[in-house]
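Okay, here's what each chain looks like letter by letter:
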Amino acid sequence: MEYALQMIANFNLIELFKLDVGKLKIFIAEACKRYNEVKFHNFKHGWSVMHMSYLLLRNGASKYLTSLDILPVLVGCLCHDLDHPGTNNTFEVVSHTERALAYSYDSVLERHHSSLTHRLLKSTDCCILENLSSSDQMYVHVAITDIILATDMRYHYTLVKELESASQNTPPFVVSSQTSRRELMKCMAHAADISSQQLPFELAKVWSDRCIAEFINQAEEEKLNGYPVTPFMTDLDTKEQQCRAQMGFITHVVSPLWSAVAVCFPAVLERCDQLKQNHDQYAEMAGANDDASSSL
């Protein structure tokens, strides 16, 4: 939590927006409390996504954003999975949960995370935006909503296309354009959200195991309740199957997005190098043939 505070401080947001440090500390602590003790989607994941967005900002992205953009990026990423149950939107929908009913079966979890974030920001002890003008407060709230909704995997391929298109421009984003800045903010949040496999392998493997544990648990719950079992959450009983699942995730999901990120921000290219190394390590653990990494 102290590091979360420091990331906000390092962009001079506390001084610029007259943020009450005491309330900011309470806000971060309360955000922590609102994460559940599930295997993957816990506070450490929220913090990790905030940290990766911070690294993107420090490695080139901040020059295309205003300070009023950076604040919701960091806050939104930290809070993007508040009260996550450890199962996905599909499970919410087929289970007809109260959340699914409340949000009309549309981006159920992301809308829930966003709502909790806004409620927390408006609470007396955590109102860190109180010294912003009403228009700036609204800007931050709307930006947080966009950022958190962008972490819904249903938007993945749309964001990949947007980022690939931006990467062909010089510069890739335009700070004078709110549309361009908002596109960058959403792409950053999504890229950070799926970045765990770009960490050093010993850390990436821990997050892989935790994610797969949630998948196995959801598949069991689906079978128990007679729901259709989510295909990519099945056949994960052996280490070989689990490694191959991560190889597919890296090849088809993470790599296309982060390759475009690296074009926009060359300073993060080493993350792509680490991603390939991790893919090859999974291939070795799975006993795959020498051609396993040719698609990267």
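Residues numbered from 1 in each chain as written. Predicted model: local features only at pLDDT ≥ 70, side-chain atom pairs only at ≥ 80, totals over all residues. Heavy atoms only, no water.

### Thoughts on the packing of aromatic side chains
Move 1: For the coordinates displayed, the defined rule picks out 10 aromatic pairs.
Move 2: Seen from their ring centres, F173 and F265 are 6.3 Å apart, and the 15° between their planes marks the pair as stacked. Of the two residues, F173 is situated in the loop between α10 (156–167) and α11 (178–193) and F265 in the loop between α13 (239–264) and α14 (269–286); the sequence distance between them amounts to 92 residues.
Move 3: Relative accessible area serves as the criterion here: at 2%, F173 is assigned to the buried category.
Move 4: Assessed through its relative accessible area of 4%, F265 is described here as buried.
Move 5: Site record: aromatic cluster; members linked through ring pairs are Y64, F173 and F265. (Phe/Tyr/Trp six-rings, centres within 6.5 Å; stacked < 30°, edge-to-face > 60°. Helix = DSSP H or I, 4+ residues; strand = E, 2+ residues; numbered from the N terminus. Buried < 20%, exposed > 50% of the residue type's maximum accessible area, 1.4 Å probe, protein only.)

### Description of the environment of L129
Move 1: Relative to the helices and strands, L129 resides in the loop between α8 (108–122) and α9 (134–149).
Move 2: Residue class for L129 comes out buried when judged on its relative accessible area of 4%.
Move 3: In this structure the C-alpha to C-alpha distance between L129 and K23, which are 106 residues apart in sequence, comes to 9.8 Å.
Move 4: The contact partners of L129, leaving out residues within four places of it in the chain, are L71, L121, Q137, V140 and H141. (Contact = heavy atoms within 4.5 Å.)

### Considerations on the packing of α11 against α13
Move 1: Remark: α11 packs on α13, axes separated minimally by 10 Å, with the N-to-C direction vectors making an angle of 130°. By the angle between their axes, α11 is oblique relative to α13. Our pair here, α11 against α13, has a crossing hand that is left-handed. Residues H190, A191 and A192 of α11 form the contact with α13, whose participating residues are L257, W258 and V261.
Move 2: Tallied by class, residues from the contact of α11 with α13 come to 5 nonpolar, 1 polar and no charged. (Axes fitted to C-alpha atoms, helices over the stretch in contact; angles between N-to-C directions. Parallel < 35°, antiparallel > 145°, perpendicular 65-115°, else oblique. Left-handed = near helix turned anticlockwise from the far one by under 90°. Nonpolar A, V, L, I, M, F, W, Y, C, P; charged D, E, K, R; others polar.)

### A short note on the confidence of the model for the protein chain
Move 1: Per-residue confidence for the protein chain averages 96 on the pLDDT scale, and 97% of its residues sit at or above 70.
Move 2: Taken as a whole, residues 289–295 scores under 50 in pLDDT and shows 7 contacts with residues more than four places along the chain or in a different chain. (pLDDT = per-residue confidence, 0-100.)

### Observations regarding the environment of S176
Move 1: Residue position: S176 is located in the loop between α10 and α11.
Move 2: By relative accessible area, which is 68% here, S176 ends up exposed.
Move 3: For the pair S176 and T66, spaced 110 residues apart in sequence, the C-alpha to C-alpha distance is 9.2 Å.

### A look at a negative patch on the surface
Move 1: On the surface, a cluster of negative charge is contributed by E220, E221, D235 and D237.
Move 2: You can see E221 is positioned in helix α12 (residues 201–225). (Patch = residues over 30% accessible without salt bridge, like charges linked within 9 Å, V, L, I, M, F, W, Y side chains within 5 Å. Areas by Shrake-Rupley, 256 points an atom, 1.4 Å probe, with all protein chains shown as cover. Salt bridge = Lys/Arg side-chain N within 4 Å of Asp/Glu carboxyl O. Lys, Arg positive; Asp, Glu negative; His and termini not counted. Charge placed at Lys NZ, Arg CZ, Asp CG, Glu CD.)

### Describing the nonpolar core
In summary, soluble globular proteins display a tendency toward joint burial of nonpolar side chains.
Move 1: Counting residues in hydrophobic clusters, the biggest one holds 80 residues, and the most contacted among them are L13, F27, L57, L74, W258 and F265.
Move 2: For this core, the leading source of residues is α13, giving 11 residues.
Move 3: Once residues lying within four places of it in the same chain are set aside, the contact partners of F27 are V75, C79, L120, L121, C126 and I128. (Core = buried A, V, L, I, M, F, W, Y, C linked by side-chain atoms within 4.5 Å.)

### Description of the pattern of salt bridges
Move 1: This model, assessed by the stated rule, comprises 12 salt bridges.
Move 2: For E30, the salt bridge identified is with R34, shortest N-O distance 2.7 Å.
Move 3: Take R34: its relative accessible area is 31%, and that puts it in the partly exposed class.
Move 4: Between R154 and D106 there is a salt bridge, with the nearest N and O atoms lying 2.6 Å from each other. With R154 in the loop between α9 and α10 and D106 in the loop between α7 (98–102) and α8, this pair connects stretches of sequence that are 48 residues apart.

### Considering the side chain of N42
Move 1: In this fold, N42 is placed in the loop between α3 (21–33) and α4 (43–58).
Move 2: Here the side chain of N42 touches K39 through a polar contact of 3.0 Å, landing on its backbone oxygen.
Move 3: Those residues in contact with N42, other than ones at most four positions away along the chain, are Y35, N36, W207 and R210. (Polar contact = N/O pair within 3.5 Å; in protein donor to acceptor, adjacent residues only side chain to side chain.)

### As for the state of the cysteines
Move 1: Under the defined criterion, the tally for this structure stands at 0 disulfides.
Move 2: For C32, which is in no disulfide, the shortest distance to another cysteine sulfur is to C79 and amounts to 11 Å.
Move 3: Overall, the relative accessible area of 25% leaves C32 in the partly exposed class.
Move 4: The thiol sulfur of C79 is not disulfide-bonded, and the nearest other cysteine sulfur, from C77, lies at 9.6 Å. (Disulfide = S-S within 2.5 Å.)

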